[in-house]
Amino acid sequence: MIFTLDHIVVFDEAQRAWTRAQASKFMQQKRAVADFDMSEPEFLLRVMDRHADWCTVVCLIGGGQEINTGEAGLSEWMAAIRDHFPHWRVHASAQITQPDYDLNHDAAAFIKTEPVTLHEDLHLSVSMRSFRAETLSDFVSHVLNGDAVAARAAFDKLGHYPIYLTRDLSTAREWLRHTARGSERFGLIASSGALRLKPEGVHIKSEIDPANWFLNDRADVRSSYYLEDVATEFDVQGLELDWAGICWDADLRHDGHGWQLNKFKGTKWQSVKDRHQRIYLKNAYRVILTRARQGMVIFVPKGDDRDPTRPSEFYNETYNFLQRCGLPGV
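We now turn to the structure provided with this report. (Residues numbered from 1 in each chain as written. Predicted model: local features only at pLDDT ≥ 70, side-chain atom pairs only at ≥ 80, totals over all residues. Heavy atoms only, no water.)

The next thing to look at is empty space enclosed by the protein. Under the defined criterion, the tally for this structure stands at 1 cavity of 30 Å³ or more. Its boundaries defined by the atoms lining it, the largest cavity holds a volume of some 40 Å³. When the residues that make up the lining of the largest cavity are grouped by side-chain class, the tally is 7 nonpolar, no polar and no charged. (1 Å grid on protein atoms, 1.4 Å probe; cavity = no way out; pocket = protein on both sides within 12 Å on 5 of 7 lines; lining within 4 Å. Points joined across faces, edges and corners; volume = space filled by probe spheres on them. Nonpolar A, V, L, I, M, F, W, Y, C, P; charged D, E, K, R; others polar.)

The next subject is the side chain of aspartate 307. The topology assignment puts aspartate 307 in the loop between strand E13 (292-299) and helix H11 (313-324). A polar contact is formed between the side chain of aspartate 307 and the side chain of arginine 196, at a distance of 3.1 Å. A polar contact of 3.0 Å, which involves the side chain of aspartate 307, links it to the side chain of arginine 310. (Helix = DSSP H or I, 4+ residues; strand = E, 2+ residues; numbered from the N terminus. Polar contact = N/O pair within 3.5 Å; in protein donor to acceptor, adjacent residues only side chain to side chain.)

Moving on: the pattern of salt bridges. With the rule as written, the count across this model stands at 13 salt bridges. The salt bridge partner of arginine 82 is aspartate 83, with a shortest N-O separation of 3.3 Å. A residue is classified by how much of its surface remains accessible, and arginine 82, at 46% relative accessible area, is partly exposed. Here arginine 310 and aspartate 307 are joined by a salt bridge, their closest N and O atoms 3.0 Å apart. Residue aspartate 307 is classed as buried on the basis of its relative accessible area of 15%. Shared partners join several salt bridges into a network, and the residues in it are Arg196, Glu200, Asp304, Arg306, Asp307 and Arg310. (Salt bridge = Lys/Arg side-chain N within 4 Å of Asp/Glu carboxyl O. Buried < 20%, exposed > 50% of the residue type's maximum accessible area, 1.4 Å probe, protein only.)

Let us look at the sheet that holds strand E8 (residues 230-231). One open sheet holds the 5 strands; their spatial order is E6-E13-E9-E7-E8, and the pairing between them is parallel. The open sheet has two free edges, formed respectively by strand E6 (163-166) and E8, since each of these has just one partner strand. As judged from the 6 bridges shared by strand E9 (residues 241-247) and E13, these two strands associate in the parallel manner. Bridging from a neighbouring strand, alanine 244 pairs with methionine 296 of E13. (Pairing = 2+ DSSP bridges.)

Phe139, Ile163, Trp248, Met296, Ile298 and Leu322 are the most contacted members of the largest nonpolar core, which has 46 residues in total. Once residues lying within four places of it in the same chain are set aside, the contact partners of tryptophan 248 are Leu197, Trp259, Tyr285, Leu289, Ile298, Phe299, Val300, Pro301, Tyr315, Thr318 and Leu322. Ranked by size, the runner-up nonpolar core spans 22 residues in total, among them Ala14, Leu74, Trp77 and Phe85. (Core = buried A, V, L, I, M, F, W, Y, C linked by side-chain atoms within 4.5 Å. Contact = heavy atoms within 4.5 Å.)

Below, the discussion takes up the packing of aromatic side chains. Considering all chains together, one arrives at 13 aromatic pairs under this definition. Each ring, one from tryptophan 18 and one from phenylalanine 26, has its centre 5.2 Å from the other, and the planes form 55 degrees; the classification is tilted. According to the relative accessible area criterion, tryptophan 18 is partly exposed, its value standing at 28%. The class of phenylalanine 26 is partly exposed, set by a relative accessible area of 27%. Relative to phenylalanine 321, the ring of tryptophan 259 has its centre 5.2 Å away and its plane inclined at 80 degrees; by these criteria the two rings are edge-to-face. With tryptophan 259 in strand E11 (residues 259-265) and phenylalanine 321 in helix H11, this residue pair connects regions lying 62 residues apart in the sequence. Here tryptophan 259 and phenylalanine 321 have matching classes, each one buried. Every member of this aromatic cluster is reached through a ring pair, and the members are Trp248, Trp259, Tyr285 and Phe321. When the ring centre of tyrosine 319 is taken as origin, the NZ or CZ atom of arginine 167, which lies over that ring, is 4.6 Å away. The lysine or arginine in question, arginine 253, covers the ring of phenylalanine 314, its NZ or CZ lying 3.7 Å from the ring centre. (Phe/Tyr/Trp six-rings, centres within 6.5 Å; stacked < 30°, edge-to-face > 60°. Lys NZ or Arg CZ within 6 Å of the ring centre and 35° of its normal.)

A few words now on the sheet that holds strand E10 (residues 252-254). One open sheet accounts for 3 strands, arranged E10-E11-E12; its pairing is antiparallel. Here the strands that pair on one side only, and so sit at the sheet edges, are E10 and strand E12 (268-271). Each strand axis lies, on average, 45 degrees off the axis of its neighbour in the sheet, ignoring direction. Note that E10 and E11 share 3 bridges and pair antiparallel. Bridge pairing links arginine 253 to glutamine 260 in E11. Against the sheet, helix H10 (residues 275-288) engages E10 and E11, with an angle of about 100 degrees to E11. Sitting on the sheet, H11 is in contact with E10, E11 and E12, with an inclination near 75 degrees to E10. (Axes fitted to C-alpha atoms, helices over the stretch in contact; angles between N-to-C directions.)

Written as C-alpha coordinates, this is what we have:
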(Lines give C-alpha, C1' and ligand atoms only; values in the text may rest on other atoms or scores of the structure.)
Protein backbone atom coordinates (compact mmCIF):
# COMPACT_ATOMS: atom_id res chain seq x y z
CA MET A 1 0.00 0.00 0.00
CA ILE A 2 1.38 3.40 -1.01
CA PHE A 3 0.50 6.80 0.48
CA THR A 4 1.74 9.98 -1.19
CA LEU A 5 2.04 13.61 -0.10
CA ASP A 6 3.59 15.17 -3.21
CA HIS A 7 7.22 15.09 -2.06
CA ILE A 8 6.77 12.14 0.34
CA VAL A 9 5.81 8.54 -0.35
CA VAL A 10 5.12 6.02 2.41
CA PHE A 11 5.30 2.44 1.08
CA ASP A 12 3.76 0.07 3.61
CA GLU A 13 4.80 -3.60 3.35
CA ALA A 14 7.65 -2.51 1.08
CA GLN A 15 9.10 -6.03 1.11
CA ARG A 16 6.20 -6.91 -1.21
CA ALA A 17 7.48 -4.69 -4.02
CA TRP A 18 7.67 -6.64 -7.27
CA THR A 19 10.76 -7.78 -9.11
CA ARG A 20 11.38 -6.64 -12.69
CA ALA A 21 9.98 -9.91 -14.03
CA GLN A 22 6.77 -9.72 -11.98
CA ALA A 23 6.19 -6.01 -12.66
CA SER A 24 6.80 -6.50 -16.39
CA LYS A 25 4.39 -9.43 -16.49
CA PHE A 26 1.67 -7.38 -14.77
CA MET A 27 2.13 -4.37 -17.05
CA GLN A 28 2.04 -6.52 -20.15
CA GLN A 29 -1.00 -8.58 -19.15
CA LYS A 30 -3.06 -6.03 -17.23
CA ARG A 31 -2.00 -2.67 -18.68
CA ALA A 32 -0.97 -3.63 -22.25
CA VAL A 33 2.46 -2.03 -21.81
CA ALA A 34 4.70 -4.34 -23.80
CA ASP A 35 8.07 -2.69 -23.16
CA PHE A 36 7.89 -2.17 -19.38
CA ASP A 37 11.27 -3.24 -18.00
CA MET A 38 11.55 -2.00 -14.42
CA SER A 39 11.04 -3.40 -10.97
CA GLU A 40 8.43 -1.71 -8.80
CA PRO A 41 11.09 0.02 -6.63
CA GLU A 42 12.92 1.35 -9.69
CA PHE A 43 9.69 2.65 -11.21
CA LEU A 44 8.65 4.44 -8.01
CA LEU A 45 12.09 5.95 -7.48
CA ARG A 46 12.18 7.17 -11.08
CA VAL A 47 8.87 8.97 -10.56
CA MET A 48 10.04 10.58 -7.32
CA ASP A 49 13.44 11.45 -8.77
CA ARG A 50 11.74 13.97 -11.06
CA HIS A 51 11.48 16.42 -8.16
CA ALA A 52 14.02 19.18 -8.68
CA ASP A 53 14.41 20.06 -4.98
CA TRP A 54 13.82 17.15 -2.61
CA CYS A 55 11.69 14.08 -1.95
CA THR A 56 11.52 11.20 0.51
CA VAL A 57 10.44 7.57 0.16
CA VAL A 58 9.68 5.84 3.47
CA CYS A 59 9.75 2.04 3.17
CA LEU A 60 8.18 0.02 5.98
CA ILE A 61 9.71 -3.45 5.85
CA GLY A 62 8.34 -6.58 7.50
CA GLY A 63 11.12 -9.11 7.95
CA GLY A 64 10.38 -12.59 6.64
CA GLN A 65 7.00 -11.65 5.21
CA GLU A 66 7.59 -12.45 1.52
CA ILE A 67 5.14 -15.22 0.63
CA ASN A 68 4.12 -14.48 -2.97
CA THR A 69 6.00 -15.16 -6.19
CA GLY A 70 7.66 -11.97 -7.39
CA GLU A 71 7.94 -10.31 -3.97
CA ALA A 72 11.47 -8.97 -3.85
CA GLY A 73 12.12 -8.06 -0.25
CA LEU A 74 14.87 -5.48 0.16
CA SER A 75 16.87 -6.74 -2.80
CA GLU A 76 15.15 -4.75 -5.54
CA TRP A 77 15.26 -1.54 -3.51
CA MET A 78 19.00 -2.00 -3.05
CA ALA A 79 19.52 -2.86 -6.72
CA ALA A 80 17.54 0.17 -7.90
CA ILE A 81 19.52 2.57 -5.71
CA ARG A 82 22.87 0.98 -6.52
CA ASP A 83 22.34 0.80 -10.29
CA HIS A 84 20.23 3.88 -11.04
CA PHE A 85 20.08 6.31 -8.10
CA PRO A 86 23.49 6.40 -6.37
CA HIS A 87 22.91 10.10 -5.61
CA TRP A 88 20.08 9.24 -3.18
CA ARG A 89 20.88 9.22 0.54
CA VAL A 90 19.73 6.09 2.37
CA HIS A 91 18.92 5.87 6.09
CA ALA A 92 18.16 2.31 7.17
CA SER A 93 17.64 0.16 10.24
CA ALA A 94 20.73 -1.59 11.50
CA GLN A 95 18.65 -4.79 11.36
CA ILE A 96 18.64 -5.02 7.55
CA THR A 97 21.55 -7.48 7.57
CA GLN A 98 19.55 -10.00 9.59
CA PRO A 99 18.50 -13.16 7.67
CA ASP A 100 14.77 -12.36 7.95
CA TYR A 101 15.30 -9.13 6.02
CA ASP A 102 18.22 -9.93 3.72
CA LEU A 103 16.50 -12.15 1.16
CA ASN A 104 19.39 -12.31 -1.32
CA HIS A 105 22.24 -11.84 1.18
CA ASP A 106 23.37 -8.61 -0.46
CA ALA A 107 22.72 -6.15 2.37
CA ALA A 108 26.24 -6.40 3.79
CA ALA A 109 27.79 -5.10 0.57
CA PHE A 110 25.07 -2.49 0.11
CA ILE A 111 25.51 -0.83 3.51
CA LYS A 112 29.20 -0.31 2.82
CA THR A 113 28.41 2.15 0.05
CA GLU A 114 28.75 5.83 0.78
CA PRO A 115 25.08 6.98 0.75
CA VAL A 116 23.93 4.43 3.37
CA THR A 117 23.67 5.33 7.08
CA LEU A 118 22.42 2.81 9.65
CA HIS A 119 20.31 3.78 12.67
CA GLU A 120 19.37 1.56 15.62
CA ASP A 121 16.22 3.60 16.30
CA LEU A 122 14.72 2.91 12.86
CA HIS A 123 13.84 -0.62 13.93
CA LEU A 124 10.33 -0.94 15.39
CA SER A 125 11.05 -3.63 17.95
CA VAL A 126 7.78 -3.66 19.92
CA SER A 127 5.01 -5.79 18.47
CA MET A 128 1.64 -4.04 18.35
CA ARG A 129 -0.04 -7.24 17.17
CA SER A 130 0.98 -9.45 20.08
CA PHE A 131 0.67 -7.05 22.98
CA ARG A 132 1.41 -9.88 25.40
CA ALA A 133 4.51 -11.04 23.56
CA GLU A 134 7.07 -8.51 22.47
CA THR A 135 9.53 -11.34 21.90
CA LEU A 136 7.20 -13.62 19.92
CA SER A 137 8.88 -12.80 16.61
CA ASP A 138 12.25 -13.77 18.12
CA PHE A 139 10.82 -17.09 19.27
CA VAL A 140 9.31 -17.83 15.85
CA SER A 141 12.55 -16.89 14.06
CA HIS A 142 14.55 -19.27 16.25
CA VAL A 143 12.03 -22.05 15.64
CA LEU A 144 12.17 -21.61 11.88
CA ASN A 145 15.96 -21.38 11.99
CA GLY A 146 15.99 -24.77 13.73
CA ASP A 147 17.63 -23.48 16.93
CA ALA A 148 15.79 -25.20 19.77
CA VAL A 149 18.05 -23.81 22.50
CA ALA A 150 17.55 -20.18 21.45
CA ALA A 151 13.83 -20.82 20.89
CA ARG A 152 13.44 -22.19 24.41
CA ALA A 153 15.22 -19.16 25.85
CA ALA A 154 12.92 -16.83 23.89
CA PHE A 155 9.86 -18.85 24.93
CA ASP A 156 10.79 -18.48 28.59
CA LYS A 157 10.62 -14.70 28.11
CA LEU A 158 7.10 -14.75 26.67
CA GLY A 159 5.54 -14.54 30.10
CA HIS A 160 1.76 -14.45 29.84
CA TYR A 161 1.64 -15.49 26.17
CA PRO A 162 0.65 -19.20 26.20
CA ILE A 163 1.66 -21.56 23.39
CA TYR A 164 0.64 -25.19 23.68
CA LEU A 165 1.12 -28.36 21.65
CA THR A 166 -1.36 -31.13 20.87
CA ARG A 167 -1.63 -34.14 18.57
CA ASP A 168 -5.41 -33.97 18.52
CA LEU A 169 -7.41 -31.37 16.58
CA SER A 170 -10.47 -31.75 18.83
CA THR A 171 -8.29 -30.89 21.81
CA ALA A 172 -7.04 -27.79 20.00
CA ARG A 173 -10.60 -26.72 19.27
CA GLU A 174 -11.66 -27.19 22.88
CA TRP A 175 -8.64 -25.25 24.14
CA LEU A 176 -9.58 -22.30 21.93
CA ARG A 177 -13.22 -22.34 23.00
CA HIS A 178 -12.32 -22.64 26.68
CA THR A 179 -9.55 -20.02 26.65
CA ALA A 180 -11.28 -17.21 24.72
CA ARG A 181 -13.40 -14.79 26.75
CA GLY A 182 -16.36 -12.71 25.63
CA SER A 183 -15.96 -11.41 22.09
CA GLU A 184 -12.32 -12.51 21.74
CA ARG A 185 -11.92 -14.05 18.30
CA PHE A 186 -10.32 -17.39 17.58
CA GLY A 187 -9.85 -19.59 14.52
CA LEU A 188 -7.80 -22.25 12.75
CA ILE A 189 -4.88 -21.34 10.48
CA ALA A 190 -2.65 -23.47 8.26
CA SER A 191 -0.17 -22.93 5.46
CA SER A 192 -1.50 -23.00 1.90
CA GLY A 193 0.72 -26.02 1.29
CA ALA A 194 -0.85 -28.12 4.05
CA LEU A 195 -2.70 -30.37 1.63
CA ARG A 196 -2.41 -33.57 3.66
CA LEU A 197 -4.33 -32.20 6.60
CA LYS A 198 -7.46 -33.12 4.66
CA PRO A 199 -7.85 -36.52 6.45
CA GLU A 200 -7.88 -34.53 9.71
CA GLY A 201 -10.81 -32.44 8.43
CA VAL A 202 -8.71 -29.41 7.51
CA HIS A 203 -9.48 -28.56 3.87
CA ILE A 204 -7.01 -25.99 2.58
CA LYS A 205 -8.54 -26.05 -0.89
CA SER A 206 -11.89 -24.90 0.49
CA GLU A 207 -11.48 -21.14 0.20
CA ILE A 208 -12.88 -18.85 2.87
CA ASP A 209 -14.46 -15.44 2.54
CA PRO A 210 -12.12 -13.42 4.78
CA ALA A 211 -14.81 -10.84 5.60
CA ASN A 212 -17.20 -13.51 6.86
CA TRP A 213 -14.42 -15.44 8.60
CA PHE A 214 -12.99 -12.46 10.47
CA LEU A 215 -16.12 -10.40 11.15
CA ASN A 216 -19.18 -12.61 11.52
CA ASP A 217 -20.40 -13.72 14.93
CA ARG A 218 -20.47 -17.09 16.66
CA ALA A 219 -23.85 -18.01 15.16
CA ASP A 220 -22.50 -17.92 11.59
CA VAL A 221 -21.02 -21.20 10.31
CA ARG A 222 -18.74 -19.20 7.99
CA SER A 223 -17.04 -17.38 10.84
CA SER A 224 -13.71 -18.33 12.40
CA TYR A 225 -15.57 -19.12 15.63
CA TYR A 226 -17.04 -22.31 14.15
CA LEU A 227 -13.54 -23.80 13.76
CA GLU A 228 -14.56 -25.50 10.53
CA ASP A 229 -13.06 -23.34 7.80
CA VAL A 230 -9.31 -22.79 7.98
CA ALA A 231 -7.50 -19.63 6.85
CA THR A 232 -4.10 -19.65 5.12
CA GLU A 233 -1.20 -17.20 5.23
CA PHE A 234 -2.71 -15.34 2.28
CA ASP A 235 -5.98 -14.81 4.16
CA VAL A 236 -4.47 -13.64 7.43
CA GLN A 237 -1.38 -11.65 6.47
CA GLY A 238 -1.76 -8.17 7.94
CA LEU A 239 -4.67 -9.30 10.13
CA GLU A 240 -4.90 -11.07 13.46
CA LEU A 241 -6.96 -13.12 15.90
CA ASP A 242 -6.96 -13.08 19.67
CA TRP A 243 -6.30 -16.83 19.84
CA ALA A 244 -5.14 -19.08 17.01
CA GLY A 245 -5.07 -22.80 16.36
CA ILE A 246 -2.08 -23.53 14.11
CA CYS A 247 -2.42 -26.70 12.02
CA TRP A 248 1.05 -28.01 11.07
CA ASP A 249 1.50 -30.27 8.05
CA ALA A 250 4.41 -32.14 6.45
CA ASP A 251 5.18 -29.34 4.00
CA LEU A 252 7.52 -28.06 6.73
CA ARG A 253 8.76 -31.07 8.64
CA HIS A 254 11.66 -31.65 10.99
CA ASP A 255 13.79 -34.76 10.53
CA GLY A 256 15.64 -34.55 13.84
CA HIS A 257 18.47 -32.53 12.32
CA GLY A 258 16.78 -29.66 10.52
CA TRP A 259 13.76 -28.52 8.55
CA GLN A 260 12.78 -30.30 5.34
CA LEU A 261 10.69 -28.21 2.95
CA ASN A 262 8.22 -29.94 0.68
CA LYS A 263 5.38 -29.34 -1.74
CA PHE A 264 2.57 -31.82 -2.33
CA LYS A 265 2.08 -32.39 -6.04
CA GLY A 266 -0.15 -35.02 -7.58
CA THR A 267 0.06 -37.98 -5.22
CA LYS A 268 3.30 -37.36 -3.33
CA TRP A 269 5.50 -34.85 -1.55
CA GLN A 270 8.36 -33.32 -3.50
CA SER A 271 11.37 -31.58 -1.99
CA VAL A 272 11.46 -27.84 -2.62
CA LYS A 273 14.80 -26.98 -4.24
CA ASP A 274 14.29 -23.42 -5.48
CA ARG A 275 15.81 -21.00 -2.98
CA HIS A 276 13.04 -18.42 -3.21
CA GLN A 277 10.28 -21.04 -2.94
CA ARG A 278 11.99 -22.36 0.19
CA ILE A 279 11.97 -18.85 1.65
CA TYR A 280 8.29 -18.38 0.76
CA LEU A 281 7.40 -21.67 2.49
CA LYS A 282 9.25 -20.79 5.70
CA ASN A 283 7.71 -17.34 5.63
CA ALA A 284 4.24 -18.88 5.30
CA TYR A 285 4.80 -20.50 8.69
CA ARG A 286 6.29 -17.27 10.03
CA VAL A 287 3.06 -15.50 9.09
CA ILE A 288 0.67 -18.04 10.59
CA LEU A 289 2.71 -18.30 13.79
CA THR A 290 2.49 -14.54 14.39
CA ARG A 291 -1.24 -13.93 13.88
CA ALA A 292 -2.40 -14.41 17.49
CA ARG A 293 -2.51 -11.44 19.83
CA GLN A 294 -2.88 -13.40 23.06
CA GLY A 295 -1.79 -16.99 22.51
CA MET A 296 -2.03 -20.11 20.38
CA VAL A 297 -2.23 -23.87 20.31
CA ILE A 298 -0.27 -25.83 17.69
CA PHE A 299 -1.77 -29.04 16.31
CA VAL A 300 0.72 -31.55 14.88
CA PRO A 301 -1.04 -34.66 13.54
CA LYS A 302 0.01 -38.16 14.50
CA GLY A 303 -0.04 -39.26 10.88
CA ASP A 304 -1.04 -42.68 9.61
CA ASP A 305 1.53 -45.28 8.59
CA ARG A 306 -1.03 -46.84 6.24
CA ASP A 307 -0.92 -43.65 4.18
CA PRO A 308 2.44 -43.07 2.41
CA THR A 309 1.69 -39.35 2.13
CA ARG A 310 1.47 -38.87 5.90
CA PRO A 311 3.38 -41.52 7.84
CA SER A 312 3.99 -40.81 11.51
CA GLU A 313 7.69 -40.09 10.85
CA PHE A 314 6.66 -36.96 8.91
CA TYR A 315 5.14 -35.49 12.07
CA ASN A 316 6.79 -37.03 15.14
CA GLU A 317 10.12 -35.24 14.79
CA THR A 318 8.34 -31.93 14.24
CA TYR A 319 6.40 -32.45 17.46
CA ASN A 320 9.58 -33.50 19.30
CA PHE A 321 11.46 -30.44 18.03
CA LEU A 322 8.69 -28.09 19.17
CA GLN A 323 8.81 -29.77 22.58
CA ARG A 324 12.56 -29.09 22.71
CA CYS A 325 11.71 -25.45 22.00
CA GLY A 326 9.94 -25.43 25.36
CA LEU A 327 6.31 -25.83 24.29
CA PRO A 328 4.17 -27.83 26.74
CA GLY A 329 1.40 -30.22 25.78
CA VAL A 330 -2.27 -29.64 26.41
